[in-house]
Amino acid sequence: MKEKIVVINFESEYAHFIAKNIRFLGYYSEIQNPNIILNDLENTKGIIFARKNDENFTSAISEINEQITNLNIPILDLGKEKDFSTKSNDNKFLENFIETCNFKKNWEVQQIFEYTLEKIKTETINKNVLLFLTGEFKSTVIFALLNKVLGKERVLGLHINNGFLRENEIEIITQQYINLGFTNFILEDESEVFLATIQKIINPQEKQQIIDKTFLEVHNEIFKKLNLLENQWILAQEKTYPDVIEFGKSKFSHGIKINHNKIAEVQSLISKGLIIEPLNNLYNEEIILIGKTLGLPENLICQHPFSSQGLSVNTLCSNDVLSSQEERDIKKINQNLTKIDLSSFFNINDYSLKALPVKSIGKQSVFNTNKFPAILTLKSKNIFDWDLLEKASEKILEKNFEVNRVILSIYEKENCCIQEQFCTKERLDQIRQVDKIVIDELKTNNEYDKIYQHFTINVPYSCSKNSCSIVLRPIISENVVTAKFAKLSTKTLNNIVEKIQKLDFVDALYYDITNNTPISFGWE
């Protein structure tokens, strides 16, 4: 077991930031829950409390202090005493702490690469491996690693068209792998099967779990079809370290969002040794380093992340009925929004606020919430003053805890209302068209690489069932710890808006101007 620094996470937004910065300095680190047992601290050279200034966390720390301090391990408490911020690139305080831990560097690029290769060798003894290829950089890196360690004869890549892919993605992925010299992959079109399973599903968690179960059912069918024997073949997944930690439960967890692939069926396969997760101890940045070490092209390993569930998580669903409680909530939200004074940012008669009657998942303080966003509408023609909008958004969220996002109205047709809409091919095609416009403009104007990730959200709020609202959500991220809305250039955004306005199915266009944590990068 590696020597390490352990970051004990008391629901701090910065636990991953701290752990990653330690790794970037060349030292291995792990994140643990406050209910850690002493065995998990074996070979620990130092401990960091990542916490917030909250009495619950303070009392929790007192519960475990006695056990930990008896181990005579250096401890750094990051919370009340230190204003820790991701805005600072100064790691001096971490370097100073590590010096007190008598810890030699053990986590540099070649060590990460060799660790990952050895992990695959150990977990695949006498086994062949099937990998679901998504075209996203993580699955490409795993595929290249598996081919390097095991050889093409023991590896099979399977790309399933689940119906949730971006425009022309099948063709792009196929050509990418052919160019890399990979011939050990096959394509299967199961889009109709996947879409049928979520035909009338509204709840986002239920939708995600159904898709994951369908993946496993398709996997089982393909095993039979290709005569792949279970005692000879195992499945590889592309889960990363933040996915593993997100799934971990503790009494400090407040959860709405689930880790998509941690359904019971998957857990059963993992416990039987039938699934491996080669990257489950790595961050995205470390995976990119491995990709570069493997010699993979820059355009393949520096892509925007893309969920295995694809555009399904960008398709919000509704049966067009609000509960009585939801109607009361919206009425209360609208009343409170009218009381918020934004006159320090805009002329008093130039803005209005109202609730969007479709919920999104977001994060407020340490809590994951499922609430209605607020729509900010400005009468001024020059609405893209990002600094003012950022301040206004922060004030709205501060003054009204009943909303968890703020979206800027770029345009909205009259008589938009909530519609009965589900995740269908037609709605996914709508996303594909808009998404292509955005990505193409970002690349044309050299802004693609400045964005960590972009979401095109299809919202069931429109003038008819055949149209929709679109929310644009391009984000930048500092070490994938916080998400800030991207402040696109006026030229790029105007080009995007002009092209979207020509699409007859978009009744309203919004821009998400919310800054928050990774749990709420997207809307589901």
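Refer to the preceding data block for the structure.
Below or above, wherever it landed, is the structure these notes cover. (Residues numbered from 1 in each chain as written. Predicted model: local features only at pLDDT ≥ 70, side-chain atom pairs only at ≥ 80, totals over all residues. Heavy atoms only, no water.)

The secondary structure content of the protein amounts to 16 helices and 21 strands. A total of 524 residues make up the protein; the buried ones form 57% of that total. Of the roughly 23200 Å² that the protein leaves accessible, carbon and sulfur atoms contribute 47%. (Helix = DSSP H or I, 4+ residues; strand = E, 2+ residues; numbered from the N terminus. Buried < 20%, exposed > 50% of the residue type's maximum accessible area, 1.4 Å probe, protein only. Areas by Shrake-Rupley, 256 points an atom, 1.4 Å probe, with all protein chains shown as cover.)

In total, this model carries 21 salt bridges according to the counting rule given. Here glutamate 420 makes a salt bridge to lysine 465, at a shortest N to O gap of 3.5 Å. Remark: lysine 465 occurs in the loop between β18 (461-462) and β19 (468-478) and glutamate 420 occurs in strand β16 (residues 420-421); sequence separation between them is 45 residues. Lysine 499 is the partner of glutamate 441 in a salt bridge, and the nearest nitrogen-oxygen pair spans 2.6 Å. On the criterion of sequence distance, the pair formed by glutamate 441 in helix α15 (residues 425-444) and lysine 499 in helix α16 (residues 490-501) is long-range, its members being 58 residues apart. (Salt bridge = Lys/Arg side-chain N within 4 Å of Asp/Glu carboxyl O.)

The next subject is the packing of helix α4 (residues 109-123) against helix α5 (residues 137-150). Direction vectors running N to C along α4 and α5 enclose 70°, while the axes themselves pass 10 Å from each other. The pairing of α4 with α5 is recorded here as roughly perpendicular in orientation. In the packing of α4 onto α5, the handedness of the crossing is right-handed. Residues Phe113, Thr116, Leu117, Ile120 and Lys121 of α4 form the contact with α5, whose participating residues are Leu145, Leu146, Lys148 and Val149. Broken down by class, the residue content of the contact of α4 with α5 amounts to six nonpolar, one polar and two charged. (Axes fitted to C-alpha atoms, helices over the stretch in contact; angles between N-to-C directions. Parallel < 35°, antiparallel > 145°, perpendicular 65-115°, else oblique. Left-handed = near helix turned anticlockwise from the far one by under 90°. Contact = heavy atoms within 4.5 Å. Nonpolar A, V, L, I, M, F, W, Y, C, P; charged D, E, K, R; others polar.)

Taken as a whole and assessed by the stated rule, the structure comprises 16 aromatic pairs. Grouping aromatic residues by their ring pairs yields a cluster made of Phe132, Phe164, Phe194 and Phe215. The aromatic ring of phenylalanine 306 is capped on one face by arginine 166, whose charged end is 3.7 Å from the ring centroid. In this arrangement the basic side chain of lysine 443 is found over the ring face of tyrosine 448, its NZ or CZ atom lying 4.9 Å from the centre. (Phe/Tyr/Trp six-rings, centres within 6.5 Å; stacked < 30°, edge-to-face > 60°. Lys NZ or Arg CZ within 6 Å of the ring centre and 35° of its normal.)

So far we have only geometry, and geometry alone does not tell us how the molecule works.
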